[in-house]
Amino acid sequence: ANQAAKKLKQSNEQFLKTMMIALGVVNVVYLLLSLPSMLWWDSFSYFNWAGWIFAFGCCIGCYFILLTSSRCTYDDKNKLISAGEDLRGGGLLTYVVDIFGVICAIQLLSCFHNYAWGLLLVIPIFAGTKIWKSVLSPFIFNGFSQPQ
């Protein structure tokens with residue numbers, strides 16, 4: 001069992017490292033591609049800065065959610081007890097990874113057109129439909145159904 005926890009710990013560390021590299025690459029590419037509009041074309045507005053800061057903040061938030069979820073626990077002898085959640089294992093954490101990916105993709109698309117920031121609306125629309133289908137709709141239309 002301890003060997004499985006060690007493998008999961010290594011897998012999570014590699015996954016988080018890959019996400020941090022992706023975050024760095026996306027932001028460097030964004031800033032490099034936006035550099036001409038910042039310096040010469042004068043078309044990089046406060047809207048662009050706000051979008052970049054928002055996207056960067058959301059990605060950092062997603063990263064820290066995953067980092068916290070994969071936190072290991074040790075016993076008093078510093079022996080690994082649990083390697084945390086499996087970041088590739090499914091569940092709600094896959095939504096966090098998907099949000100990270102969508103935001104990074106939109107950030108890169110926004111280098112070519114400012115209206116790409118509008119695609120960020122996909123995230124709350126998707127969340128709203130999931131909440132409606134999973135929670136609200138069954139509750140509203142079925143009410144409080146008591147098990148027989």
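Residues numbered from 1 in each chain as written. Predicted model: local features only at pLDDT ≥ 70, side-chain atom pairs only at ≥ 80, totals over all residues. Heavy atoms only, no water.

Participant: Help me out: how do you make sense of the side chain of N27 in this one?
Facilitator: As for its placement among the helices and strands, N27 is situated in helix α1 (residues 2–39). Engagement of the side chain of N27 in a polar contact is seen with the side chain of W52, the distance being 2.8 Å. Among the polar contacts listed, one links the side chain of N27 to the side chain of Q107, at a separation of 2.8 Å. Once residues within four sequence positions are removed from consideration, N27 is found in contact with W52, F56 and Q107. (Helix = DSSP H or I, 4+ residues; strand = E, 2+ residues; numbered from the N terminus. Polar contact = N/O pair within 3.5 Å; in protein donor to acceptor, adjacent residues only side chain to side chain. Contact = heavy atoms within 4.5 Å.)

Participant: So what exactly am I meant to see when it comes to the packing of aromatic side chains here?
Facilitator: Any pair of aromatic rings gets described here by the distance separating the centres and the angle formed by the planes. For the structure on display, the rule yields five aromatic pairs. Summarising the aromatic geometry, the rings of Y63 and F64 are spaced 5.7 Å apart at their centres and angled 80° between planes, so their arrangement reads as edge-to-face. Since its relative accessible area comes to 45%, F64 is described here as partly exposed. Considering the side-chain rings of Y95 and F126, the 6.1 Å spacing of their centres and the 55° angle between planes classify their relative orientation as tilted. Pair noted here: Y95 is in helix α3 (residues 92–109) and F126 is in helix α4 (residues 122–142), with a separation of 31 residues, a long-range link. For F126, a relative accessible area of 42% translates into the label partly exposed. Through pairs of rings, three or more aromatic residues link up here, namely W49, W52 and F56. (Phe/Tyr/Trp six-rings, centres within 6.5 Å; stacked < 30°, edge-to-face > 60°. Buried < 20%, exposed > 50% of the residue type's maximum accessible area, 1.4 Å probe, protein only.)

Participant: What is the right way to read the nonpolar core from this model?
Facilitator: The tendency in soluble globular proteins is for nonpolar side chains to be buried side by side. In this structure, M19, Y30, C59, L66, L87, F100 and W117 are the most contacted members of the largest nonpolar core, which totals 23 residues. Those elements giving two or more residues to this core turn out to be α1, α2 (46–69) and α3. In contact with C59, other than residues within four places in its own chain, are L23, F100, I103 and C104. Judged by nonpolar contacts, the second largest core, of five residues, contains A5, L8, L80 and A83. (Core = buried A, V, L, I, M, F, W, Y, C linked by side-chain atoms within 4.5 Å.)

Participant: Would you mind going over the packing of α3 against α4 with me for this structure?
Facilitator: It is at 11 Å that the axes of α3 and α4 come closest, and there the two elements cross at 155°. It follows that α3 is roughly antiparallel to α4 by the angle criterion. The segment α3 lies against α4, with Y95, I99, V102 and I103 engaging I123, F126 and K130. Looking at the contact of α3 with α4 residue by residue, the classes come out as six nonpolar, no polar and one charged. (Axes fitted to C-alpha atoms, helices over the stretch in contact; angles between N-to-C directions. Parallel < 35°, antiparallel > 145°, perpendicular 65-115°, else oblique. Nonpolar A, V, L, I, M, F, W, Y, C, P; charged D, E, K, R; others polar.)

Participant: Is there a simple way to think about the state of the cysteines in this case?
Facilitator: Here a disulfide denotes one covalent bond, and it connects the sulfur atoms of two cysteines. The full count for this structure, using the stated rule, is zero disulfides. Just so you know, C58 is unpaired, no disulfide at all, and the nearest cysteine sulfur is the one on C62, 6.7 Å from it. Since its relative accessible area comes to 23%, C58 is described here as partly exposed. For C111, which is in no disulfide, the shortest distance to another cysteine sulfur is to C104 and amounts to 12 Å. (Disulfide = S-S within 2.5 Å.)

Participant: Help me understand the pattern of salt bridges, please; the structure alone is not making it clear to me.
Facilitator: Scanning the entire structure with this criterion turns up one salt bridge. Across the pair E13 and K9 runs a salt bridge, and its minimum N-O distance is 3.9 Å. Of this pair, E13 and K9 both sit in helix α1, four residues apart, roughly one helical turn. Residue classification places E13 among the partly exposed positions, given a relative accessible area of 47%. (Salt bridge = Lys/Arg side-chain N within 4 Å of Asp/Glu carboxyl O.)

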